Every structure is written in C-alpha cells, then in structure tokens.
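So the chains spell out like this:
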Amino acid sequence: MNIAVIGTGYVGLVTGVGFAETGNAVICADVDVSKIDRLKQNKIPIYEPGLEPMVERNQSEGRLSFTTDVGAAVEASDIVFIAVGTPQDEDGSADLRHVLDVAAVIGKHMNRPKIVATKSTVPVGTAEKVRAAVAAQTKVPFAVASNPEFLKEGAAVGDFMKPDRVVLGVDDPEAEATLRELYEPFVRTGNPILFMDIPSAEFTKYAANAMLATRITLMNQFADVCERVGANVEHVRLGIGTDERIGRAFLFPGPGYGGSCFPKDVKALVSTARGAGFPLELLETVDRVNEAHKHVPFAKVKALLGVVQGRTIALWGLAFKALTDDMRDSSALIFIAEALAEGATLRVHDPKAMHEARRRLGNTVIYVESPYEALEGADALVVLTEWQEYRVLDHERAKKLLKTPVVVDARNLYDPARMRKAGFTYASIGRA
Ligand SMILES: NC(=O)c1ccc[n+]([C@@H]2O[C@H](COP(=O)([O-])OP(=O)(O)OC[C@H]3O[C@@H](n4cnc5c(N)ncnc54)[C@H](O)[C@@H]3O)[C@@H](O)[C@H]2O)c1
C-alpha cells in the first residue's frame, strides 16, 4: 500500500517506519526542515530504542522516504495518517490547529480517492472537523477514520509492531477492509483489531490515558498516607498488584506523572466533559493532585537540608521517565524551577535528555557527563528518573563525593534500611 504519514514526531516516525517494515511504501512528511534533513541521513531526532536501524534499513531498501513537501506525500498515497501534535490550548482543551491545517492540505492534494486516518490524540468530533476541512477543498470522494495510537515512548517500536490491540473508528466498509489488511501483519498472534464507530475510537484513547493517570495518582496519594501512618507503599503496591483484577502495571509511586500525553490528555478530557455539561470531577482531582505532587521531591530535599539558598543539589534524571529524551511536562522542570528560585546550584545528569535539557534550561544549571560527577561537592542527591544506571548506588563513592550524605529518591530505587545503615539521610516516596 502507498502510505503518507504527516508529522514525524515520536508517533509519526514510529508509525511510518512500522508500516514500511511490513512492506508498504511510506512517505513521512513534516514541516520541520532540519528534522527531515537529518532523517534523510538516517539520523534520528529523538531517542527511541531500536528505531534507528529500522529507519536506515527501510530507507536504504527504498520503502521509506522523507519530505517537507506534505502535498506531494499526500498525492503519492492511498492512505494518509495525520500524526501531528495536539498540544494543550490555553483553556486546557486540545489545540487542533495542526490537525486541521494538515486536513486542508490533504484536501488540496486529493488527486484520487483516499482514506484520511487521524492518529493524533484528538477529542470526539475531530474526525468530522477533518472531514469538513478536507471536503472544503475537493470534490474527490474520501473516507475518514480514527486510529488512536497507544505506543509508549521508550518501548514505541515494540508497542507499534506488536500492539495489545489496534483501535479503528470507521464508517465506511471499504476503508474498514483496507485498514484491516494494513494492520493484519501486526496482530498475527491474535491480538484484536477493534473496529468501532468513530466517536468511540476517539474517546477510547482519552479513556485509556485517564485510567492510567488515575492509577498513578491514586498510588501517589496512597504513598502520602503511608508515610503518615507508618506503612510502606512498596509492600502495598506488591500486595495489590498481584490481584488479577488490579494488575501490576502503572502502580509505581513517583514524582508525579509527566510527558507529552497524560497531563494534556487528562486536561483535554476534563475540558470535553465540561463542554458536554458533565464535569468529570474525579479526573479534575487527578489533574490537580498530580500537579501538587510534582512539588513533593523539592519539599523533601528542603526538609532535609533546612536551608536551600547557597546549597548545591545533584540531580539524576531529567526525562519524564526512563528510556526517553522527552522532557515535556517532566517533574524535573518543576524541581529545577523551585530549586533555582530558592537559590540552589544544580548539577544535572541524564543519560539521554542532556541535549533537550540544554535547549530548555540554557546555562541556568551545570551539566555533567557522568552521574557521579554530579555529586562532586553537592549537599544532596535527588533521583527523579528511574534509569537503569541509577538503580545501584555506590555508597562509598557517593559519600566521598557528597558534602553531606543526603539522598532524596523520588523513584524508590534504593532500600531505606540499607541507605540508613550506610550512613545516608534518606527520603523516598511513601516509605515511612
Ligand atoms: N508521544 C507519545 O508517546 C504519544 C503516544 C500516543 C499518542 N500521541 C499523540 O500523537 C500526536 C503526536 O505526538 P508526538 O509526541 O509524536 O508529537 P511531536 O511533537 O513529537 O511531533 C509532531 C510533529 O508534527 C509536525 N507538524 C506540526 N504541524 C505540521 C504540519 N502542519 N504539517 C506537517 N507536520 C507538522 C511537527 O513538526 C512535529 O515534528 C499527539 O496528538 C499526541 O498526543 C503521542
């Protein structure tokens, strides 16, 4: 099949590569000239494990190409996927500007009948707006579809190539048959392709993210209570996660959820529900509680240091989670802003997000090349991201480098008893 994917960010790039990998001819288009230039040279603009060799292989074998000419990509394709960003608008709703801009371009280049599928996360009703924006430019018949994406950054290739399920909102039998054929290679083990009406598909993506964000937030609240009543949230996590009805995933307490999806998608669903005259009070609380929880790591380090002014803090982890360089809505940004406002000096490290951090933070912090370099002369170590390389702390080395042996572990990577025995003043999340 001839496929165009418009938008080559975390989702669009993985989507394009994934479809090329199964033998389709794919053109990925983006308005970001430097991104496309780099991709043409097999340089990946993001950190995503496993993606680079796939880009290289599919490009060299002629199934995958990159362009800034969105119109030409549309004309060469039978299925066009819209995978541009849907950032948060000022009122919390999803900003559909990029999606509708792309829809207009698709309409202008509708040289033959096509399927226009939206992969971006968009509120119910967007497919109809896309249909209207395309139809305003063309008389050629076309079908619209909603195809929300559930991949996780850091595991995006595996998630795309072997999805738990594929959700497709369609209202046209021919489009349904074509999309089934396109996705069958990805579900050979029997995972379902779920066809449904378009509004339900659009809603499903928000429902999934709202459910996951709520689990994390509830665990963070349990952690707060555990600390106050003398319980250990890690025991509680294992105690409930082994219950089949609950499951083990997304139960880890931490510094508050961040990233490019949960914060904005929760807010967008809250906005949709309010617009529909049915405020989602539970989710409004999740959003508020999570924002408040992001201040916990700084409050803990402040409590242990007493005075922050003039102190140096070593920070391990800037990305919103491990295995990505994505810092969008990362708790580290809140921590850094608070620490700088109170007059601290920050020595920061992240295995993959240093480039992104430099872009966002400029020279407000000190960047170091290795985790232990951050500790040199610092008054405390704060761990915010659960990268593998942070999971074992060299006690002796850390104590030698730190001015005072204070550690705030916002991912519960270390054992409190062992940390105390080794002489650290140690705080974590939800362990009294
Ligand atoms: N990142 C994730 O983990 C994830 C997972 C599932 C769904 N989503 C959703 O997928 C969508 C894309 O997310 P992302 O993280 O890939 O975004 P991103 O910001 O990484 O990438 C978006 C890309 O679209 C390009 N773009 C913007 N306007 C354009 C236009 N008019 N024409 C062509 N290209 C244009 C941008 O230059 C950028 O490269 C969002 O709706 C997001 O909510 C993201």
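Going by the structure above, here's the rest.
Residues numbered from 1 in each chain as written. Predicted model: local features only at pLDDT ≥ 70, side-chain atom pairs only at ≥ 80, totals over all residues. Heavy atoms only, no water.

Engineer: In this structure, what is going on with the nonpolar core? I would like to understand it.
Structural biologist: One broad rule of soluble globular proteins: the nonpolar side chains tend to lie buried together. The biggest cluster of nonpolar side chains holds 40 residues, and the ones touching the most others in it are F19, L51, F81, L179 and Y183. A per-element tally of this core places helix α1 (residues 10-21) first, with six residues. The residues contacting F81, other than those within four sequence positions of it, are I3, A4, V5, I6, F19, A117, K119, N147, L179, L182 and Y183. With 36 residues, the next largest nonpolar core counts V296, L315, M327 and I336 among its residues. (Core = buried A, V, L, I, M, F, W, Y, C linked by side-chain atoms within 4.5 Å. Buried < 20%, exposed > 50% of the residue type's maximum accessible area, 1.4 Å probe, protein only. Helix = DSSP H or I, 4+ residues; strand = E, 2+ residues; numbered from the N terminus. Contact = heavy atoms within 4.5 Å.)

Engineer: Even after reading the chapter, I still don't get α1, so can you show me in this structure?
Structural biologist: Residue pairs three or four apart in sequence face the same way in an α-helix, which turns once every 3.6 residues. Between its terminal C-alpha atoms α1 stretches 17 Å, which fits the 16 Å expected from twelve residues at 1.5 Å a residue. Counted residue by residue, α1 has ten buried out of twelve residues, so it is predominantly covered. Three or more residues of α1 are buried, namely Y10, G12, L13, V14, T15, G16, V17, G18, F19 and A20. Backbone geometry just after α1 places G23 at a positive phi near 105 degrees. (Expected span 1.5 Å × (residues − 1).)

Engineer: Got a minute to help me understand the site of the ligand in this structure?
Structural biologist: Neighbouring residues of the ligand: 25 residues in total, closest D30, K35, T86, E153 and K264. At 2.7 Å, a side-chain N or O of E153 approaches a nitrogen atom of the ligand. Within the side chain of R328, an N or O atom sits 3.0 Å from an oxygen atom of the ligand. The fraction of the free accessible surface of the ligand (830 Å²) that becomes covered by protein chains is 88%. (Near = heavy atom within 4 Å. Polar contact = N/O pair within 3.5 Å; in protein donor to acceptor, adjacent residues only side chain to side chain. Areas by Shrake-Rupley, 256 points an atom, 1.4 Å probe, with all protein chains shown as cover.)

Engineer: For this particular structure, what's the right way to read the pattern of salt bridges?
Structural biologist: Once the charged atoms of two side chains with opposite charge are near each other, the side chains can pair. With the rule as written, the count across this model stands at 27 salt bridges. With its nearest N and O atoms 2.5 Å apart, the salt bridge here joins R97 to D95. When its relative accessible area of 51% is taken as the criterion, R97 is described as exposed. For D95, a relative accessible area of 8% puts it in the buried group. Between K119 and E149 there is a salt bridge whose closest N-O contact spans 2.8 Å. (Salt bridge = Lys/Arg side-chain N within 4 Å of Asp/Glu carboxyl O.)

Engineer: Would you mind going over the state of the cysteines with me for this structure?
Structural biologist: A covalent bond between the sulfur atoms of two cysteines is what we call a disulfide. Per the stated rule, a full pass over the model turns up zero disulfides. Its sulfur unpaired, C28 is 18 Å from the next cysteine sulfur, which belongs to C261. (Disulfide = S-S within 2.5 Å.)

Engineer: What is the right way to read the pairing of strand β10 (residues 345-349) from this model?
Structural biologist: Each regular strand shows side chains that alternate between the opposite faces of the sheet. Across the five residues of β10, four count as buried, placing the element largely inside the fold. In this structure, strand β9 (residues 312-316) lies alongside β10, joined through five bridges in parallel fashion. Within the sheet, the bridge partner assigned to A314 lies in β10 and is R347. A crossover links β9 with its parallel partner β10, the connecting element being helix α14 (residues 331-341), and its sense is right-handed. Here β10 runs beside strand β11 (residues 366-367); their pairing, made up of two bridges, is parallel. When the bridges of β11 are listed, V348 appears paired with Y367. (Pairing = 2+ DSSP bridges. Right-handed = clockwise from strand over helix to strand, strands pointing away.)

Engineer: Help me out: how do you make sense of the sheet that holds β11 in this one?
Structural biologist: Within a beta sheet, neighbouring strands are joined by backbone hydrogen bonds and run either parallel or antiparallel to one another. As summarised here, the arrangement of the six strands in space is β11-β10-β9-β12-β13-β14, forming an open sheet in which the pairing is parallel. Looking along the sheet, the strands with just one partner apiece sit at the ends: β11 and β14 (425-427). Inspection of the sheet shows β9 paired to strand β12 (residues 380-383) by four bridges, in the parallel sense. For L315, the partnering residue across the bridge sits in β12 and is V382.

Engineer: I'm lost on the side chain of T138 in this one. Help?
Structural biologist: For T138, the location among the structural elements is in the loop between α6 (126-135) and β6 (142-146). A relative accessible area of 14% places T138 in the buried class. With near-sequence residues (within four places) excluded, T138 lies in contact with G107 and M110.

Engineer: For this particular structure, what's the right way to read the pairing of strand β13 (residues 406-409)?
Structural biologist: Side-chain alternation along β13 places V406 and V408 on one buried face and V407 and D409 on a second face that is also buried. By the bridge criterion, three bridges tie β12 to β13 in an arrangement that is parallel. Across the sheet, residue L381 finds its bridge partner in β13, namely V407. In this fold, β12 hands off to helix α17 (residues 395-401), which returns the chain to β13; that crossover is right-handed. After leaving β13, the chain enters helix α18 (residues 416-421) and then returns to the sheet as β14, a path that is right-handed.

Engineer: Would you explain the packing of helix α11 (residues 262-275) against helix α12 (residues 281-293) in this entry?
Structural biologist: Helix-helix packing: each pair is described by the crossing angle between the helix axes and the interaxial distance. With their axes 9 Å apart at the nearest point, α11 and α12 run at an angle of 150 degrees to one another. Here α11 lies roughly antiparallel to α12, going by the angle between them. Here α11 and α12 pass one another in a crossing that is left-handed. Here V266, K267, L269, V270 and R274 of α11 lie close against α12, whose contacting residues are L283, E284, D287 and E291. (Axes fitted to C-alpha atoms, helices over the stretch in contact; angles between N-to-C directions. Parallel < 35°, antiparallel > 145°, perpendicular 65-115°, else oblique. Left-handed = near helix turned anticlockwise from the far one by under 90°.)

Engineer: How do you make sense of the environment of G158 when you look at a structure like this?
Structural biologist: Note that G158 resides in helix α7 (residues 156-161). Residue G158 is classed as partly exposed on the basis of its relative accessible area of 42%. Along the backbone, G158 and G18 are 140 residues apart, and their C-alpha atoms lie at a distance of 9.6 Å.

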